[in-house]
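A look at the structure
Listed here are the chains, written in short residue letters.
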Amino acid sequence: MNRWKRIKKAFLNDKGAIVSISFLILLAVISLIAPILPLNPNKTDILHLLEAPSVNHWFGTDEVGRDYLARIIYGGRISLVVGILAMVMSTVIGVSVGMVSGFFGGIVDSVLMRIVDVIQSIPWLILVTVVGIFMKKGLLSIIVVIGFFSWMEIARLVRAEVKSLKERDYIQYASFAGIGALKVICRHLIPAVMPTIIVAASSGIANAIMTESALSFLGIGIQEPLSSWGKLLQTAQSNLQNAVYMAIIPGFLIVLTIFAFNKIGNLLRIYLEPRVSEDLA
Amino acid sequence: MSGLTKILDIENLNVSFYSDSVKTKVVKDISLEVYDGEILAIVGESGSGKSVAMKSVMDLLPVYAKVSADRFLFEGKKFLEIKGKEKRQILGNDIAMIFQDPMTALNPVKKIGDHLIENIRRHNKMSKKQAESLAIEMLERVGIPSPEKRMKQYPHEFSGGMRQRVLIAMALCSRPRLLIADEPTTALDVTIQAQILKLLKNLHETEKMNIVLITHDLGVVASIADRIAVMYGGRIMETGTKDEILYNAQHPYTKALLKAIPGTENGKKCKLEPIPGSVPQMKDMESGCPFYSRCEHAGEACLCEFGATHDYSDTHKSYCMNDLKQLNERGA
Amino acid sequence: MGKYIAKRILNAIPLLLLITIICFTLISLAPYDAVDAMTTPKMSDELVMLIRQKYGYDKPLYIRYFRWLDGIVNGNFGYSIVNGTSIYNDLMARIPNTIRLVLPSYLTAYILAIILGLIAGANKNKLADRIIDGFSSVSLAIPTFWIALILIYIFGYKYRLLPILGMNTVGKSGAEDYLKHFILPYAVLVFAFLPGNIRYVRSATITQFSEDYVMVQKAFGASRTEIMFSHVMKNVLLPVVTRLGMALPTLITGAVITESVFGWPGVGPYFVKAVQGMDYPIIMVMLVLSSTMVILGNLLSDILYCVVDPRIRG
């Protein structure tokens, strides 16, 4: 409990962290209430194409006259959904693999870690696109592809931690006392590696959002009629000369979002990592 | 004793650590002196502040530590006020320190010879050649066989005991007036421990090097120390000559500590008595006696106050709220 | 040392084979193959069968795997489904362009990162560190393609200082024209490679400064500068130099996004076009090629480690 109090204090003392959290909350709220806002991301208006930001259109209009604020809010929804779901997926896979590998050791461990080696030796962009071509294009496949290929780092971390936890007396005692593996994992190991999981999840969202926007920007991610910040930037590229705000605004939001998640992840890392405790000699 | 020169003279040293704006006093009002020609041992359990106290001499404490003292003299110089370059000229030259873990104390990617030569040339104007031959001489002096060959080797090619010898050689290069040895044998095998202690004792005699030995091991103390200061919970509990402490201990903590070492007394086996309880947290004992919670004689006064001084001789002092004379007579 | 390196090489071989097997399986699983691309619906079944026989598609899977592997090893990478060109020739024309762009940018970023990382790590939590670390946290959050877009807008459209597409202006050649094309993608890539490397050097420096030997040197009167240059730097540079090996795959796939934005005629646009056109023989070759580079890179970095670190060298 003491630890969480310290984290709370650390967050309140760090201006960057306060800004990050407020920004993410604001983003989440806007994304949630978007459908009830008087904004239509799909209504075209050929009389007002590529108009710079004004009172009527706070963020201007795009190349077919759609309100860019609405496009950005709805695009942000997709970016966040992809980020969060892909993170959940990679965390679940990573934790399971790392847990099994670290807990059972032996052949299971060697095989799983070999698989991690293989997958990690393929550059992510190549890997994601290769698998992408075997799936129907769509939101779900983007999530699955990103989630499915970013779990290796978490798996390694969890495995290493479980391996060292296993040597601790209380875990050895539990096994010795005949408590089943599943129970030991759920009761003792998962709570113990929770800090690692939380930290990894926080930067996992940031990475997933970055990956999605890069793929969408290259035209191999989110497809029409859906849109995301990365996808908006792709469109912005062809209108760069006339409407630079179309590139600046979504890019800026990506930067803020990723920075905020990374910031939170880093602060949590400092206060959750077990070895960083007072070293009073 | 008072007629002798004091090499190190510390009065009311306080060291506090600050973290999250919480202040923790780690060393409280300790007074120490090292006389010319002696080996002083500071004895205490881990966490007693003995190492911190000596690191404050060497300027080795982390930035969040604050050091203050009423008097802090090294060879008559106000040591806490000396900073920067001036201080660096004294460190490693007039005072040297060796550490507990010789395995990590040397730079793994630097040759042993370069360690020594670099250190020699830092404090002495000397050509590389001269420094090299001095380094070889020093390695020989601390008992490292075929030193010319060893100079070109890396630390990982040395055993723990050999590395500790290298560090002692490094310290020896500038013939320091004071050597602080922080648990120099704790990380070593028992047989090697004895060799290193013998070496230290030998250097103390031949090189006129004064030594402060920090240790938790009373056996180590018994073999080489002249005087002993017993520390607990950031305070000094009792000081005296070796014999006064080992055979005529007055303070309840010292007595408990002596009972807790394995050994034989007058040929018959003694019963080993552990001290009940564990070392308390530093922040739990601001003003009272740190041994309060584990002491069988603790009274009300011990909780809020520390240290009525009892003098037994010129050299033998202890700090306890109890009337120790009465207490010890009753116990005897 | 020789034994260790031999062991590492022996370890890398099965990994490489495994990857080729995965690749080949993916190719075989693909919804249509190279023969489908050559045939048209008007051709008779016999003709299709003949073509299949000619290219060995009637043989069992494992034989086809060995033939394919043999081809890859001998530089026969197969043909693009979309326009039938030889993938080997395509890549040979494009890889040098990518290397010309990536190598200078990576080296620049690498050297800058070493300098900045050492400065930051040595001054942990002080002003210099806050600025440098702040810069790397912010730039880690910036997508490279966004920076590219902004630079294109500023230098290409607004002030019209620099060209924004390709490697040369059509009909022009020469160093000046090339440099003008080179500078923007180069800057973007330096920016992209910088933050990760700074972070790495910085944390290595901080770790070294907390080592016991630093404290011992302080106790022997060494100044911070002496400790930095005579002790810490070498310890930091050892892992940093060996990291260079791991950058090997970057030479080929490290600039896909930047190359695409700037229309640089390297591997990037080729690959992106292949993905958009479902041209998977190309994608699979890229998969094999890039993973081979990763494995070779790791191997190289292990070998470098053996060569430079006295603890293993001995």
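The shown structure was predicted, so the numbers you read here are calculated from the model rather than taken from an experiment.

1. Points about the overall build of chain B
A count of helices and strands for chain B gives 12 helices and 15 strands. Taking 2.2 N^0.38 as the reference for a compact globule, 332 residues should give roughly 20 Å; the C-alpha atoms of chain B span a radius of gyration of 21 Å, in line with that estimate. In terms of principal-axis extent, the alpha carbons of chain B reach across some 65 × 50 × 45 Å. Residue burial in chain B is summarised as follows: out of 332 residues, 44% are buried. Of the contacts formed within chain B by residues at least 6 apart in sequence, a portion of 64% connects residues at least 24 apart.

2. Some remarks on the sheet that holds strand β15 (residues 317-319) of chain B
Residues and elements named next belong to chain B. One open sheet accounts for eight strands, arranged β7-β8-β9-β3-β10-β11-β15-β14; its pairing is mixed. If you trace the sheet from one side to the other, it starts and ends with β7 (95-98) and β14 (309-311), each paired once. On average, each strand axis in the sheet is inclined to that of its neighbour by 15°, with strand direction left out of account.

3. Description of unusual backbone geometry
The phi dihedral of E75 of chain B falls on the positive side, at around 50°, and the residue is not glycine. By the secondary structure assignment, E75 of chain B is in the loop between β5 (71-74) and β6 (77-78). At N125 of chain C, a position not held by glycine, the phi torsion is positive, near 70°. Relative to the assigned elements, N125 of chain C resides in the loop between α5 (87-122) and α6 (127-140). A count of 11 C-beta atoms within 10 Å places N125 of chain C in the exposed class.

4. A word on the interface of chain C and chain A
The interface is formed by 34 residues belonging to chain C together with 30 residues belonging to chain A. Secondary-structure elements contributing two or more residues to the side of chain C that touches chain A are α1 (2-29), α6, α7 (144-158), α12 (256-262), α13 (267-276) and α14 (280-308) of chain C. Here the element with the most residues in the side of chain C that touches chain A is α14 of chain C; it accounts for eight residues. Considering only residue class, the side of chain C that touches chain A consists of 28 nonpolar, six polar and no charged.

5. Things to note about the pairing of β5 of chain B
Across a regular strand the side chains alternate sides, sitting on one face of the sheet and then on the other. All names here are of chain B. Here β5 shows a buried face lined by F72 and F74 and an unburied face lined by R71 and L73. The sheet contact formed by strand β1 (residues 6-19) and β5 spans four bridges and is antiparallel. Bridge pairing links I10 to F72 in β5. Note: β5 against β6, two bridges, orientation antiparallel. Across the sheet, L73 pairs through a bridge with K78, a residue of β6. Adjacent in sequence and paired antiparallel, β5 and β6 are bridged by two residues, among which E75 carries a positive phi angle near 50°.

6. Concerning the domain arrangement of chain B
Residue and element names in this part refer to chain B. Under the domain assignment used here, chain B contains domain 1 (6-94 + 174-329) and domain 2 (95-173). The C-alpha centroid of domain 2 is placed 28 Å from the C-alpha centroid of domain 1. With 28 residues of domain 1 at the contact, the number on the domain 2 side is 22 residues. Among the elements of the structure, β8 (178-182) and α7 (190-206) are those that each provide at least two residues to the side of domain 1 that touches domain 2.

7. Description of the interface of chain B and chain C
Taken residue by residue, the interface counts 26 residues in chain B and 19 residues in chain C. For the side of chain B that touches chain C, the secondary structure elements donating two or more residues are α2 (84-90), β7 and α3 (112-123) of chain B. A class-by-class count of the residues in the side of chain B that touches chain C yields 12 nonpolar, eight polar and six charged.

8. Here we look at the confidence of the model for chain B
All names here are of chain B. A residue-level look at chain B finds 91% of positions with pLDDT of 70 or above and a mean pLDDT of 85. Within chain B, helix α5 (residues 147-151) carries the highest mean pLDDT (94), whereas strand β12 (residues 264-265) carries the lowest (49). Across the assembled chains, the prediction reports ipTM 0.87 with pTM 0.86.

9. Quick look at the nonpolar core
Residues and elements named next belong to chain B. The biggest cluster of nonpolar side chains holds 234 residues, and the ones touching the most others in it are A169, I180, V212 and V230. A domain-level breakdown of this core finds at least three residues from each of domain 1 (6-94 + 174-329) and domain 2 (95-173). If near-sequence neighbours (up to four positions away) are discounted, V212 is found in contact with V34, L40, I42, M54, L178 and I180.

10. Observations regarding the environment of D133 of chain C
Residue and element names in this part refer to chain C. Looking at the element boundaries, D133 is found in helix α6. By C-beta crowding, D133 is classed as buried, having 22 other C-beta atoms within 10 Å. Distance in space between the C-alpha atoms of D133 and G121 is 9.3 Å, their sequence separation being 12 residues. Residue contacts for D133: discarding those within four places in its chain leaves A120 and R202.

11. Some points on the confidence of the model for chain A
The predicted model of chain A averages 85 in pLDDT, with 96% of residues at 70 or higher. Note on residues 275-281 of chain A: pLDDT under 50 across the span, and eight contacts to partners over four residues away in sequence or across chains.

12. Looking at the packing of helix α5 (residues 124-132) of chain A against helix α6 (residues 139-148) of chain A
If you want to describe how two helices pack, look at the angle between their axes and the distance between the axes. All names here are of chain A. Closest axis-to-axis distance for the α5/α6 pair is 10 Å, and the angle between their directions is 140°. Relative to α6, the element α5 is oriented oblique. Two packed elements cross with a definite hand, and for α5 against α6 that hand is right-handed. Every residue of α6 that contacts α5 at V128, V131 and G132 is listed here: S141, V145 and I146. Residue classes in the contact of α5 with α6 are distributed as four nonpolar, two polar and no charged.

13. Re the environment of K23 of chain B
Residue and element names in this part refer to chain B. Here K23 lies in strand β2 (residues 22-35). Sequence spacing of K23 and A171 is 148 residues, and the spatial spacing of their C-alpha atoms is 34 Å. Not counting chain neighbours up to four residues away, the residues in contact with K23 comprise S16 and Y18.

Reading the values: rules and limits
- Residues numbered from 1 in each chain as written.
- Chains lettered and ligands numbered in written order.
- Predicted model: local features only at pLDDT ≥ 70, side-chain atom pairs only at ≥ 80, totals over all residues.
- Helix = DSSP H or I, 4+ residues; strand = E, 2+ residues; numbered from the N terminus.
- Rg over C-alpha atoms; globule rule 2.2 N^0.38 Å.
- Buried ≥ 20, exposed ≤ 12 C-beta atoms within 10 Å, placed from the backbone.
- Contact = placed C-beta atoms within 7 Å.
- Pairing = 2+ DSSP bridges.
- Axes fitted to C-alpha atoms, helices over the stretch in contact; angles between N-to-C directions.
- Nonpolar A, V, L, I, M, F, W, Y, C, P; charged D, E, K, R; others polar.
- Domains from an automatic or database assignment.
- pLDDT = per-residue confidence, 0-100.
- Core = buried A, V, L, I, M, F, W, Y, C linked by C-beta atoms within 7 Å.
- Parallel < 35°, antiparallel > 145°, perpendicular 65-115°, else oblique.
- Left-handed = near helix turned anticlockwise from the far one by under 90°.

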